[in-house]
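Okay, here's what each chain looks like letter by letter:
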Amino acid sequence: MKQLLTLCLLAFAISARAQGVMQFEADNHDFGNVPEGTMATHEFKFKNTGNQPVVIANVQASCGCTTPDWTKTPVLPGKTGIIKAMYSSAGRPGVFNKTVTVTSNATEPSKVLTIKGAVLTKDEIKPTLTAAQLAQSPRMVVDKTIHDFGKMEAGQQPTARFTVKNTGKTPLVLGSLTSGCYCVGYKTPPAPIAPGQSAAVDLIYSQRQLGQVSDAVTITSNDLSGDAKITLKANIVRDLSGNSMVKESSTAVPFK
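Residues numbered from 1 in each chain as written. Predicted model: local features only at pLDDT ≥ 70, side-chain atom pairs only at ≥ 80, totals over all residues. Heavy atoms only, no water.

## Looking at the overall build of the chain
Piece 1. Across its full length, the chain carries three helices and 18 strands.
Piece 2. Taking all 256 residues of the chain together, the buried fraction comes to 33%.
Piece 3. Counting only contacts in the chain whose residues sit at least 6 apart along the sequence, the fraction spanning at least 24 positions is 67%.
Piece 4. Here the chain displays about 14,500 Å² of accessible surface, and carbon together with sulfur accounts for 54% of that area. (Helix = DSSP H or I, 4+ residues; strand = E, 2+ residues; numbered from the N terminus. Buried < 20%, exposed > 50% of the residue type's maximum accessible area, 1.4 Å probe, protein only. Contact = heavy atoms within 4.5 Å. Areas by Shrake-Rupley, 256 points an atom, 1.4 Å probe, with all protein chains shown as cover.)

Structure representation (structure tokens):
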């Protein structure tokens, strides 16, 4: 009986020690100076030095400006995996310090990784770059600077299509959209545009103010020469249906 108890305790001890271990090469990364408009990306690499597979359940960033990705399949003992942290610098000049929390079945079930750096505006970053580095910048060219939706009904969200071409030498990454009305957004997040290539970019317009409106929009990017400026116009009415009535000299007439 005593021998059986000893064997059970030994088996329990062995089972308790059977677990994956995430050994990271480093748990923090300093990007240094980051040009505004770029997507700063770093891969944290780890090795499973344990004796059981490591399964990552979730990776949570401390803010919406950091987008994580990770190895989705079990990482077997002796194999490696990655946690990718991507920081969107568009519209976020200044120092940043963000964390990514990794949840897994490893011996350390919750692991915190840190990324930091300083986002410099294009005017700030230019003096730090050589002529060769500036020459390698992507270049954003938009096919038109004004889009007029004409008459539209309040509450509608029409789409304006622009063609963006990259005439530079490195991939063009479009960043955030800024406008005074906070009523413009991407229909779908734009993918990087390769040098010499063009892509259609659809913008959704959610302006609700009635009457003739004109909104200036800035498209940020990693083009060091500057951002693109466009204007969206519309005549917004309350109702486009033929039964809508307005008053003209006290006489009700159909809306034209």
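## Remarks on the environment of asparagine 97
Piece 1. By secondary structure assignment, the location of asparagine 97 is in strand E7 (residues 94–104).
Piece 2. Its relative accessible area of 52% is what places asparagine 97 among the exposed residues.
Piece 3. If we ignore the near neighbours within four places in the chain, the residues touching asparagine 97 are Thr114, Ile115 and Lys116.

## Section: the state of the cysteines
Piece 1. By the definition in use, this model includes two disulfides.
Piece 2. For cysteine 63, the disulfide goes to cysteine 65, at an S-S distance of 2.1 Å. An S-S torsion of about -75° defines the bridge between cysteine 63 and cysteine 65 as left-handed.
Piece 3. With a sulfur-sulfur separation of 2.0 Å, cysteine 181 is cross-linked through a disulfide to cysteine 183. (Disulfide = S-S within 2.5 Å.)

## As for the packing of aromatic side chains
Geometrically, a pair of aromatic rings is defined through the distance of the ring centres and the angle of the planes.
Piece 1. Counted by the stated rule, this structure contains four aromatic pairs.
Piece 2. Note on phenylalanine 31 and phenylalanine 96: the rings are 6.3 Å apart at their centroids and 40° apart in plane angle, and the pair reads as tilted. Here phenylalanine 96 lies in strand E7 and phenylalanine 31 lies in strand E2 (residues 28–35), a separation of 65 residues in the sequence. With respect to burial, phenylalanine 31 and phenylalanine 96 carry one shared label: buried.
Piece 3. With centroids separated by 4.0 Å and ring planes inclined at 10°, the aromatic side chains of tyrosine 87 and phenylalanine 96 adopt a geometry described as stacked.
Piece 4. Through a chain of ring-to-ring contacts, the aromatic side chains of Phe31, Tyr87 and Phe96 assemble into a single cluster.
Piece 5. Above the face of the tryptophan 70 ring, lysine 72 is positioned so that its terminal group lies 4.2 Å from the ring centre.
Piece 6. Taking NZ or CZ as reference, lysine 144 lies 5.2 Å from the ring centre of phenylalanine 162, over its face. (Phe/Tyr/Trp six-rings, centres within 6.5 Å; stacked < 30°, edge-to-face > 60°. Lys NZ or Arg CZ within 6 Å of the ring centre and 35° of its normal.)

## Side note on the sheet that holds strand E1 (residues 22–24)
Piece 1. Spatially, four strands are ordered E1-E3-E6-E5 in an open sheet, and the strand pairing comes out antiparallel. For this open sheet the edge positions go to E1 and strand E5 (66–70), each flanked by a neighbour on one side alone. Adjacent strand axes in the sheet meet at a mean angle of 30° when their direction is disregarded.
Piece 2. Pairing of strand E3 (residues 39–48) with strand E6 (residues 80–88) involves nine bridges; the strand directions are antiparallel. If you follow phenylalanine 46 over to E6, its bridge partner there is glycine 81. (Pairing = 2+ DSSP bridges. Axes fitted to C-alpha atoms, helices over the stretch in contact; angles between N-to-C directions.)

## Some points on the pairing of E6
Piece 1. By the alternation rule, side chains of E6 split into Gly81, Ile83, Ala85 and Tyr87, which are all buried, and Thr80, Ile82, Lys84, Met86 and Ser88, of which none is buried.
Piece 2. With five bridges joining them, E5 and E6 adopt antiparallel strand pairing. Looking at the pairing, aspartate 69 lines up with lysine 84 of E6.

Note that all results are geometric; they support no functional claim without further evidence.
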